[in-house]
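Here's the letter readout for the chains.
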Amino acid sequence: MEADSPFLLATVSLVSALQMGYLAWRVGLSRMAHKVLPPSVTGPPEFERTFRAQQNCVECYPVFLVTLWTCGMFFSEVTAAAGGLVYIIARQLYFNGYAKSTKKRLPGFYLTLAVFFTLSLLGLIGILRGILHKYFHIHL
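Residues numbered from 1 in each chain as written. Predicted model: local features only at pLDDT ≥ 70, side-chain atom pairs only at ≥ 80, totals over all residues. Heavy atoms only, no water.

Caption draft 1: Quick look at the packing of helix H1 (residues 7-34) against helix H2 (residues 45-74). In the contact formed by H1 and H2, the axes pass within 9 Å of each other and the chain directions differ by 175 degrees. Judged by the inter-axis angle, H1 sits roughly antiparallel to H2. For the contact of H1 with H2, the per-class residue count stands at 18 nonpolar, seven polar and three charged. (Axes fitted to C-alpha atoms, helices over the stretch in contact; angles between N-to-C directions. Helix = DSSP H or I, 4+ residues; strand = E, 2+ residues; numbered from the N terminus. Parallel < 35°, antiparallel > 145°, perpendicular 65-115°, else oblique. Nonpolar A, V, L, I, M, F, W, Y, C, P; charged D, E, K, R; others polar.)

Rendered as structure tokens:
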């Protein structure tokens, strides 16, 4: 195993995957509590909010992984891992808020957008810096 392997990125990725499993489990609990049998995705508003919160997290997950790893590999692993931890917290805030009320999802939603923007911007800076260095011999 290489000493420069991206251990922090892998750790944050694994923790986020465990979180995704936890959110799916919460949907399962909500199904049982509200007697909504699969494959149905409609039921009482409490169930539907929980289901949508989890689905929204699933929809955001590929964007998170791409921005996390791009920022980590081309800008800074430590910065990306820190952003990834903030993302995990943001998604939990989002999920818990949405399960209670659609308006309570907004703090987690805005924090998620801030993480996406930051990781994307830093990843882009790192990529551009690498392109300038490798292909144009410009060192920034």
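There's more to say after this.
Caption draft 2: Region of interest: unusual backbone geometry. In this model, Pro 38 is joined to Pro 39 through a cis peptide bond whose omega is 10 degrees. Checked against the element boundaries, Pro 39 lands in the loop between H1 and H2. Backbone geometry places Lys 35, a non-glycine residue, at a positive phi of 55 degrees. The topology assignment puts Lys 35 in the loop between H1 and H2. Judged by its relative accessible area of 69%, Lys 35 falls in the exposed class. A positive phi angle, near 55 degrees, is found at His 137, a position not held by glycine. Considering the arrangement of structural elements, one finds His 137 in the segment after helix H4 (106-136). With relative accessibility at 62%, the residue His 137 sits in the exposed group. (Buried < 20%, exposed > 50% of the residue type's maximum accessible area, 1.4 Å probe, protein only.)

Caption draft 3: Layout of the side chain of Ser 30. With respect to the element layout, Ser 30 can be found in helix H1. Judged by relative accessible area, Ser 30 falls into the buried class, the value being 9%. With residues near it in sequence (within four places) discarded, Ser 30 still touches Glu 46, Phe 47 and Thr 50. (Contact = heavy atoms within 4.5 Å.)

Caption draft 4: Broad picture of the pattern of salt bridges. Evaluated as defined, the whole model comprises one salt bridge. Close ionic contact of Glu 59 with Arg 52 constitutes a salt bridge, the shortest N to O distance being 3.3 Å. Glu 59 sits in the partly exposed class, given a relative accessible area of 47%. (Salt bridge = Lys/Arg side-chain N within 4 Å of Asp/Glu carboxyl O.)

Caption draft 5: Region of interest: the packing of H2 against H4. Between H2 and H4, whose axes approach to 8 Å, the crossing angle comes to 40 degrees. It follows that H2 is oblique to H4 by the angle criterion. Here H2 runs over H4; the crossing is left-handed. When H2 is examined against H4, the residues Cys 60, Val 63, Phe 64, Thr 67, Leu 68, Thr 70, Cys 71 and Phe 74 are found in contact with a partner set consisting of Phe 116, Leu 119, Ser 120, Leu 122, Gly 123, Gly 126, Ile 127 and Arg 129. For the contact of H2 with H4, the residue count by class is 10 nonpolar, five polar and one charged. (Left-handed = near helix turned anticlockwise from the far one by under 90°.)

Caption draft 6: The arrangement of the packing of aromatic side chains in detail. Counting across every chain of the model gives seven aromatic pairs. Taken together, the aromatic side chains of Tyr 61, Phe 64, Tyr 87 and Phe 116 make up a single cluster linked through ring pairs. In this structure, Arg 91 is placed above the aromatic ring of Tyr 94, and the distance from its NZ or CZ to the ring centre is 4.2 Å. Its guanidinium or amino end placed over the ring of Tyr 98, Arg 105 lies 5.5 Å from that ring's centre, counting from NZ or CZ. (Phe/Tyr/Trp six-rings, centres within 6.5 Å; stacked < 30°, edge-to-face > 60°. Lys NZ or Arg CZ within 6 Å of the ring centre and 35° of its normal.)

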